[in-house]
Amino acid sequence: MMKEIELKVLEVNAETVKGKLEKLGFKKVFEGMIHSCYFDMNGKLRETGRVLRLRRRGDTTLLTYKEVTYERFKKALEIELEVSSFDEMKAILERLGFKVYLRVTKHRISYKGKDGNVVLDTIIEPIKIPTYAEIESSSSRKVDKIIRKLGLSDMKIVNWNEETVINYYMNTLRKAD
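Here's what I pulled together on the structure shown here. (Residues numbered from 1 in each chain as written. Predicted model: local features only at pLDDT ≥ 70, side-chain atom pairs only at ≥ 80, totals over all residues. Heavy atoms only, no water.)

This part takes up a nonpolar patch on the surface. A cluster of nonpolar residues, Met1, Leu77 and Ile79, forms a patch on the protein surface that exposes about 310 Å² of accessible area. As for its position among the elements, Met1 is in the segment before strand S1 (2–9). (Patch = residues over 30% accessible without salt bridge, like charges linked within 9 Å, V, L, I, M, F, W, Y side chains within 5 Å. Areas by Shrake-Rupley, 256 points an atom, 1.4 Å probe, with all protein chains shown as cover. Salt bridge = Lys/Arg side-chain N within 4 Å of Asp/Glu carboxyl O. Helix = DSSP H or I, 4+ residues; strand = E, 2+ residues; numbered from the N terminus.)

Below, the structure written as structure tokens:
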């Protein structure tokens, strides 16, 4: 069980951020596609700030449960475990009455540093979204420090979850039409 504190920075230049991360001593720990299914039962989890996610990252499948609060920072108590089969775990959850309410496919590059982690996500499905950075650490002070060191303080910084990011861009695109 771990506690995460994070912010997202929208519409970053991935190449610029990657260069700065490397100069700051962050190490790339993953690059590849991620496929996620978010589950709920009649909205009961989302209504109470809880998340149940099944994710395939490379050859690894993870089941994650989160209890999330939103203040200036997104804060979550997270319990995550590796499972042997995405399809079998999905079938178990569905037989328990959970339904998939969101499917997400994205390209992710993950970096680890001494003060926290930074991921660069580019969502491809259900809608193509510009790359954003997610900065995560054990304290809000460290998250702010990483954002400053990366030169992202003047960008659009949000405490949103992935679903809210997707909805923001879906609404933005609708307004543009």
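Among the residues of helix H1 (residues 14–23), those classed as buried are Val17, Lys18 and Leu21. Looking down the long axis of H1, one finds its buried residues gathered within 100° of arc, a one-sided arrangement. Across H1 from its buried face, at more than 90 degrees, point the exposed residues Glu15 and Lys23. Considering only its buried residues, H1 is in contact with strand S6 (99–112) and strand S7 (117–125). Between the side-chain oxygen of the N-cap and the backbone nitrogen of Glu15 there are 3.1 Å, and the N-cap of H1 in question is Asn13. Once H1 finishes, Gly25 follows within two positions and takes phi at roughly 90°, a positive value. (Buried < 20%, exposed > 50% of the residue type's maximum accessible area, 1.4 Å probe, protein only. Arc of directions from axis to C-beta. Contact = heavy atoms within 4.5 Å. Polar contact = N/O pair within 3.5 Å; in protein donor to acceptor, adjacent residues only side chain to side chain.)

Looking at where Lys99 falls in the secondary structure, it is placed in strand S6. According to the relative accessible area criterion, Lys99 is exposed, its value standing at 58%. Separated by 56 residues in the primary sequence, Lys99 and Gly43 place their C-alpha atoms 9.6 Å from one another. Ignoring sequence-local partners within four residues, the contact set of Lys99 consists of Tyr38, Phe39 and Asp40.

Among the structural elements, Arg55 can be located in strand S3 (residues 50–57). Although Arg55 is buried, it makes no salt bridge; Glu162 carries the closest opposite charge, 4.4 Å away. Within polar-contact distance, the side chain of Arg55 engages the side chain of Ser36 at 3.1 Å. Beyond its immediate chain neighbours, meaning those up to four positions away, Arg55 contacts Ile34, His35, Ser36, Tyr38, Thr60, Thr61, Leu62, Phe86, Lys106, Arg108 and Glu162. (Lys, Arg positive; Asp, Glu negative; His and termini not counted.)

To continue, consider the side chain of Thr131. Summarising the element assignment, Thr131 is placed in the loop between S7 and strand S8 (132–137). Reaching out from Thr131, the side chain makes a polar contact with the side chain of Thr122 at a distance of 2.5 Å. In this structure, Thr131 is in contact with Leu10, Glu11, Val12, Ala14, Leu120, Asp121 and Thr122, ignoring residues within four places of it in sequence.

Turning our eyes to something else, we now look at the pattern of salt bridges. Counted under the stated rule, the structure contains 19 salt bridges. Between Lys28 and Glu31 there is a salt bridge, with its nearest N and O atoms 2.9 Å apart. The exposure class of Lys28 is partly exposed, given its relative accessible area of 46%. Using a relative accessible area of 41% as the deciding quantity, one classes Glu31 as partly exposed. We note a salt bridge from Lys106 to Glu162, for which the minimum N-O separation is 2.4 Å. On the criterion of sequence distance, the pair formed by Lys106 in strand S6 and Glu162 in helix H5 (residues 162–176) is long-range, its members being 56 residues apart. There is no split in this pair, since Lys106 and Glu162 are both buried. Among the charged side chains, a network of salt bridges with common partners joins Glu6, Lys8, Lys74 and Glu134.

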